[in-house]
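Listed below, chain by chain, are the residues.
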Amino acid sequence: MILITKDNLSSFIENYHGFHDSFITNINYDIKLSQIELFIDVYWSGKPILKEDGTYESNKTKMKMIFSGVEQCNNREIFSWDYISEAFIKYIKIKNKEFICFASNEEEPFIYIVCDNIKYEELKNI
């Protein structure tokens with residue numbers, strides 16, 4: 001798994017196009033470990049390829065993300081039609097401690113996680 005850091009955050013967001021048009025498919029909580037495991041069907045990844053018919057190949061993939069040291073978490077009921085338009089992923093400070101925040105949207109997210117760190121891996125093409 002790859003750790004998201006300040007150094008690779010912008011390239012991570014760029015490579016996965018802010019999770020535009022992506023869907024969260026599964027959320028697992030481990031209260032004892034203060035950890036959340038998130039599975040996302042990522043619609044856009046890497047550099048899209050222009051096909052002969054004028055459409056783009058989006059390079060779909062499945063991603064597993066592990067949020068460790070969860071400080072805050074909130075999510076509302078998620079439906080199959082709830083997709084991410086542009087994820088909010090930034091380092092933030094709470095009570096003089098730095099955390100990384102992941103939210104499905106900056107304004108009204110259906111999921112919001114603040115934690116010590118995020119690791120991720122691509123699982124397979126979908």
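Whatever comes next refers back to the structure up there.
Bear in mind the structure is a predicted one, so any value in this text is a computation, not a measurement.

Draft legend 1. Just the sheet that holds strand β10 (residues 111–115), in detail. Pairing in this open sheet of four strands is antiparallel, and the strands run β7-β10-β9-β8 from one edge to the other. Among the strands making up the open sheet, the edge pair consists of β7 (72–75) and β8 (88–94). Strand-to-strand twist across the sheet, computed as the mean angle between neighbouring axes with direction ignored, equals 20°. Pairing of β8 with strand β9 (residues 97–103) involves seven bridges; the strand directions are antiparallel. Across the sheet, the residue bridging to Tyr91 is Ile100, located in β9.

Draft legend 2. Expanded view of a negative patch on the surface. A cluster of like negative charges, contributed by Glu86, Glu106, Glu107 and Glu108, occupies part of the molecular surface. Here Glu108 lies in the loop between β9 and β10. Accessibility expressed as a relative area gives 69% for Glu108, which makes it exposed.

Draft legend 3. Region of interest: the side chain of Ser45. Counting through the fold element by element, Ser45 comes out in the loop between β3 (35–42) and β4 (49–50). Within the structure, Ser45 has its side chain in polar contact with the backbone oxygen of Asn59 (distance 2.5 Å). Look past the residues within four positions of Ser45 in its chain and what remains in contact with it is Asn15, Tyr16, His17, Ser58, Asn59 and Thr61.

Draft legend 4. Summary view of the pattern of salt bridges. All told, the structure shown has five salt bridges when counted by the stated rule. Between Glu98 and Lys6 there is a salt bridge whose closest N-O contact spans 2.8 Å. Of this pair, Glu98 sits in strand β9 while Lys6 sits in the loop between β1 (2–3) and α1 (9–15), and the two are 92 residues apart along the sequence. A relative accessible area of 36% places Glu98 in the partly exposed class. The class for Lys6 is exposed, based on a relative accessible area of 52%. Asp116 serves as the salt-bridge partner of Lys97, at 3.3 Å between the closest nitrogen and oxygen. Here Asp116 lies in the loop between β10 and β11 (117–124) and Lys97 lies in strand β9, a separation of 19 residues in the sequence. Taking relative accessible area as the criterion, Lys97 reaches 41% and is therefore assigned partly exposed. For Asp116, a relative accessible area of 35% puts it in the partly exposed group.

Draft legend 5. Structural detail: the packing of aromatic side chains. As enumerated under the stated definition, the model contains eight aromatic pairs in all. Arranged with centres 4.6 Å apart and planes meeting at 55°, the rings of Phe12 and Tyr120 form a pair that is tilted. One end of the pair, Phe12, is in helix α1; the other, Tyr120, is in strand β11, and 108 residues separate them in sequence. Each member of the pair, Phe12 as well as Tyr120, is classed as buried. Ring geometry for Tyr43 against Trp44: centres 5.4 Å apart, planes inclined by 75°, an arrangement best described as edge-to-face. Look at Tyr43 and you get partly exposed, because its relative accessible area is 31%. One aromatic cluster in this structure is built from Phe12, Tyr16, Phe19, Phe67, Phe102 and Tyr120. Here the guanidinium or amino end of Lys6 rests over the ring plane of Tyr91, the centre of that ring lying 5.6 Å away.

Calculation criteria
Residues numbered from 1 in each chain as written. Predicted model: local features only at pLDDT ≥ 70, side-chain atom pairs only at ≥ 80, totals over all residues. Heavy atoms only, no water. Pairing = 2+ DSSP bridges. Helix = DSSP H or I, 4+ residues; strand = E, 2+ residues; numbered from the N terminus. Axes fitted to C-alpha atoms, helices over the stretch in contact; angles between N-to-C directions. Patch = residues over 30% accessible without salt bridge, like charges linked within 9 Å, V, L, I, M, F, W, Y side chains within 5 Å. Areas by Shrake-Rupley, 256 points an atom, 1.4 Å probe, with all protein chains shown as cover. Salt bridge = Lys/Arg side-chain N within 4 Å of Asp/Glu carboxyl O. Lys, Arg positive; Asp, Glu negative; His and termini not counted. Charge placed at Lys NZ, Arg CZ, Asp CG, Glu CD. Buried < 20%, exposed > 50% of the residue type's maximum accessible area, 1.4 Å probe, protein only. Polar contact = N/O pair within 3.5 Å; in protein donor to acceptor, adjacent residues only side chain to side chain. Contact = heavy atoms within 4.5 Å. Phe/Tyr/Trp six-rings, centres within 6.5 Å; stacked < 30°, edge-to-face > 60°. Lys NZ or Arg CZ within 6 Å of the ring centre and 35° of its normal.

Just geometry here; none of it tells us what the structure is for.
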